[in-house]
Amino acid sequence: MELHISSSATKAENFSSAQLFVDPTRHTTAPLVTGGSVVGIKCSDGVVIAADTLASYGSLARFQNFSRLMKVTDSCMLGGGGEVSDFQEIQRLLENLITKDFCFNDEHIQTPRSVHQYLGRVLYAQRSRLNPLWNSLLVGGYAASQSFLGVVDLYGTTFESEVLATGFGVLLGLPLLRKAYRPDLSINEGIKIVEDVFRVLFYRDARSINRIQVATATSAGVTISEPYSLETKWDFEGFVNPRSTYDESTW
Amino acid sequence: MWNASVVAVPATESIQRPDFMPYQNNGGTVVAIGGEDYCIVSATTRLGLGFAIPTRNVCRYSILNNRVVLATAGMFADTVTLHKVIKARVKIYEEQQDKPFELRSAAQLLSNTLYYRRFFPYYTFNVLGGLDEDGQGFVYGFDAIGSGEKVKVVCNGTGQALIQPILDNQVERKQQYENKQITNLSLEEALDLVKDVFTSAGERDIYTGDAVDICIITKQRGVFVETFQLKQD
């Protein structure tokens, strides 16, 4: 088959198509350094979100103490999965946004809902340029005595819920969160639940680590914990004697 | 040197596929029925993604004014964006013209808005329902790029193939075994029908379920919304 090379010479001839592919200003069409799941749950008096501290380089556990949680304002926090460099760009965007609010000094600041909506528009605009910010973000907050928990993905999909998860957490964590959720959960119960979720994720998600950070938003403000390790237990019957393919078995 | 497998393109194929696909299917089903003096516009609340359900409760409809409602299935990010655009245009029109936005105007606006993005479409399947200038209930069904028609009943989205034939049969009395008298459905009958078709579609379509928001539009009450629970499996 005759081939031609999409170098800059053919780019001019083949403007509309080549432009999409060989463009040094295009950043993330495939993620390189990635963070895994983020999970969050609303409680009666605040919100808990958590993420592990791993930034993977493909299947390599490259950065094992990388913080994927951010305090945005005194009432709003952010957790990010996906491409790490894009997440850091998003952190810069938010810092600029908050700095502008501070400089206006008019007592108007971003609410958790407005931060969520802002990120939704930014990520949607980038996907529409076929140059996405390759992230799944959880926005949590507690403002005006109201809990807020919302998610944004690389397509600009935005929605809110009582329990949310991204990445593998959607498959392994969400069912646990839905089962554990009650409107009258305390913050400490919420922390316990997300720890359990990350323990399960650590057992089955190969791009995860048992070192996590938990962020809470309550009337007292946003706090992000130091990273800590989860206790694990490996002597379950199913782990010690795994069933073989031909057994009557679960997956 | 270039990695040939990445940059070498067959000469016969001048258009390469970009490696980021900007679309996502979040499913959802929307149904609208126009009656003599009422209109029903309904949309499921499940947000599906592959075999997962990231959330069971999203809003797929927008109340444009007290006689026109828009409901959309397809990609949720596009749905939200499209609704923002339409609501802004309706608001500007109503402020400037000091009169309500008519159903047929909304249909034209929606069609133009969708066709404006002909070569990078909103991945959305819309129904628009409400009361026309004469107070009669009518609905419009659209495809993703703005083709649409004014009808009495329409279904769009992932449950379309399951639901539309039943609506044709029950509302328009099409394909009846024996030609029966055409009787117009009352609001109550139409509501029961809507609940039935969503329940049935939920049994066979994995993207239809959880709940359905039903907007009832009448001249007397304006837009009234009720939520009907479906199975969560």
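Because the structure is predicted, anything quoted here is derived from the model rather than measured.

Help me understand the overall build of chain A in this model?
When helices and strands are tallied, chain A shows eight helices and 15 strands. Across the 251 residues of chain A, 49% fall into the buried class. Summed over its atoms, the accessible surface of chain A is roughly 13000 Å², and 53% of this surface lies on carbon and sulfur atoms.

I'm lost on the nonpolar core in this one. Help?
Inside soluble globular proteins, nonpolar side chains tend to come together where they are buried. Counting residues in hydrophobic clusters, the biggest one holds 25 residues, and the most contacted among them are Leu64(B), Ile86(B), Leu110(B), Leu128(B) and Phe142(B). Here this core gets six residues from one element, more than from any other, and that element is helix α3 (residues 103-116) of chain B. Val39(A), Leu185(A), Ile212(A) and Ala52(B) belong to the second-largest nonpolar core, a separate cluster that totals 22 residues.

Please explain the packing of aromatic side chains as it appears in this structure.
Each aromatic ring pair is specified by the distance between its two centres and by the angle formed by the two planes. Inspection of the entire model under this criterion finds 13 aromatic pairs over all chains. Between Trp134(A) and Phe20(B), the ring centres sit 5.7 Å apart and the planes meet at 65°, which makes this aromatic pair edge-to-face. Of the two residues, Trp134(A) sits in the loop between α4 (112-128) and β9 (135-143) while Phe20(B) sits in the loop between β1 (8-10) and β2 (29-34), which places them in two different chains. With a relative accessible area of 22%, Trp134(A) lands in the partly exposed category. What makes Phe20(B) buried here is its relative accessible area of 3%.

Would you explain a nonpolar patch on the surface in this entry?
All names here are of chain A. Taken together, the side chains of Leu 32, Tyr 57 and Leu 60 make up a nonpolar region of the molecular surface, amounting to roughly 330 Å² of accessible area. By the secondary structure assignment, Leu 32 is in the loop between α2 (15-18) and β2 (33-35). Residue Leu 32 is classed as exposed on the basis of its relative accessible area, which comes to 55%.

Would you mind going over the pattern of salt bridges with me for this structure?
Any two side chains of opposite charge can pair, on the condition that their charged atoms come close. One pass over the full model with this rule turns up 17 salt bridges over all chains. Residue Asp235(A) pairs with Lys233(A) through a salt bridge whose shortest N-O separation is 3.1 Å. For Asp235(A), a relative accessible area of 54% corresponds to the exposed category. The exposure class of Lys233(A) is partly exposed, given its relative accessible area of 41%. Across the pair Lys231(B) and Glu203(B) runs a salt bridge, and its minimum N-O distance is 2.8 Å. Placement of Lys231(B) in the segment after β13 (222-229) and of Glu203(B) in helix α5 (residues 187-204) is noted, with a sequence separation of 28 residues between them. Its relative accessible area of 47% is what places Lys231(B) among the partly exposed residues. Under the relative-accessibility criterion, Glu203(B) is labelled partly exposed at 48%. Connected through salt bridges with shared partners, the residues Arg182(A), Asp184(A) and Glu189(A) form a single ionic network.

Would you mind showing me how to read unusual backbone geometry here?
Negative phi is the rule for most residues except glycine; trans is the rule for most peptide bonds. Residue and element names in this part refer to chain B. The residue Arg 173 is not glycine, and still its phi comes out positive at about 55°. Within the fold, Arg 173 resides in the loop between α4 (160-171) and α5. Here Asp 210, not a glycine, exhibits a phi torsion of approximately 70°, which is positive. With respect to the helices and strands, Asp 210 occurs in the loop between α5 and β12 (211-218). For Asp 210, a relative accessible area of 2% gives the class buried.

Honestly, the sheet that holds β13(B) in this entry has me stumped. Any pointers?
Backbone-to-backbone hydrogen bonds join strands into a sheet, with any given pair of strands oriented parallel or antiparallel. Residues and elements named next belong to chain B. The strand order across the open sheet built from five strands is β11-β2-β3-β12-β13, with neighbouring strands paired in antiparallel fashion. Each end of this open sheet is capped by a strand with a single partner; those strands are β11 (153-157) and β13. The sheet shows a mean angle of 15° between the axes of neighbouring strands, direction not considered. Sheet topology note: the β2/β11 ladder contains five bridges and is antiparallel.

Help me understand the packing of α4(B) against α5(B) in this model?
Axis angle and axis distance: for two packed helices, these are the angle between their axes and the distance between the axes, and together they describe the pair. Residue and element names in this part refer to chain B. Packing of α4 against α5 brings their axes to within 10 Å, and their N-to-C directions diverge by 155°. Overall, the two elements α4 and α5 adopt an arrangement that is roughly antiparallel. When the axes of α4 and α5 are compared, the crossing they make is right-handed. Across from Leu 162, Ile 163, Ile 166, Leu 167, Gln 170 and Val 171 in α4, the residues of α5 making contact are Leu 193, Val 197, Ala 201 and Arg 204.

Would you explain the confidence of the model for chain A in this entry?
The predicted coordinates should not be examined in detail at positions where pLDDT is low. Counting all residues, the mean pLDDT for chain A is 90, and 86% of those residues have values of 70 or more. Ignoring residues within four places in sequence, the model shows residues 1-20 of chain A, a span with pLDDT below 50, making 33 contacts including any to other chains.

Looking at this structure, I do not really get the packing of helix α2 (residues 76-97) of chain B against α3(B). What am I missing?
Residue and element names in this part refer to chain B. As a packed pair, α2 and α3 sit with axes 11 Å apart at the nearest point and diverge in direction by 135°. Viewed along their axes, α2 and α3 adopt a mutual orientation that is oblique. Regarding α2 and α3, the two cross each other, and that crossing is right-handed. Residues Leu 82, Val 85, Ile 86, Arg 89 and Val 90 of α2 touch α3, and the partners they reach there are Leu 109, Leu 110, Thr 113 and Leu 114. When its residues are assigned to classes, the contact of α2 with α3 shows seven nonpolar, one polar and one charged.

What exactly am I supposed to notice about the confidence of the model for chain B here?
Considering every residue of chain B, the mean pLDDT works out to 92; 91% of them sit at 70 or more. Low confidence marks residues 1-14 of chain B, where pLDDT is under 50. Its contacts with residues over four positions away, or in another chain, come to 24 contacts.

Quick notes on the rules
- Residues numbered from 1 in each chain as written.
- Chains lettered and ligands numbered in written order.
- Predicted model: local features only at pLDDT ≥ 70, side-chain atom pairs only at ≥ 80, totals over all residues.
- Heavy atoms only, no water.
- Helix = DSSP H or I, 4+ residues; strand = E, 2+ residues; numbered from the N terminus.
- Buried < 20%, exposed > 50% of the residue type's maximum accessible area, 1.4 Å probe, protein only.
- Areas by Shrake-Rupley, 256 points an atom, 1.4 Å probe, with all protein chains shown as cover.
- Core = buried A, V, L, I, M, F, W, Y, C linked by side-chain atoms within 4.5 Å.
- Phe/Tyr/Trp six-rings, centres within 6.5 Å; stacked < 30°, edge-to-face > 60°.
- Patch = residues over 30% accessible without salt bridge, like charges linked within 9 Å, V, L, I, M, F, W, Y side chains within 5 Å.
- Salt bridge = Lys/Arg side-chain N within 4 Å of Asp/Glu carboxyl O.
- Pairing = 2+ DSSP bridges.
- Axes fitted to C-alpha atoms, helices over the stretch in contact; angles between N-to-C directions.
- Parallel < 35°, antiparallel > 145°, perpendicular 65-115°, else oblique.
- Left-handed = near helix turned anticlockwise from the far one by under 90°.
- Contact = heavy atoms within 4.5 Å.
- pLDDT = per-residue confidence, 0-100.
- Nonpolar A, V, L, I, M, F, W, Y, C, P; charged D, E, K, R; others polar.

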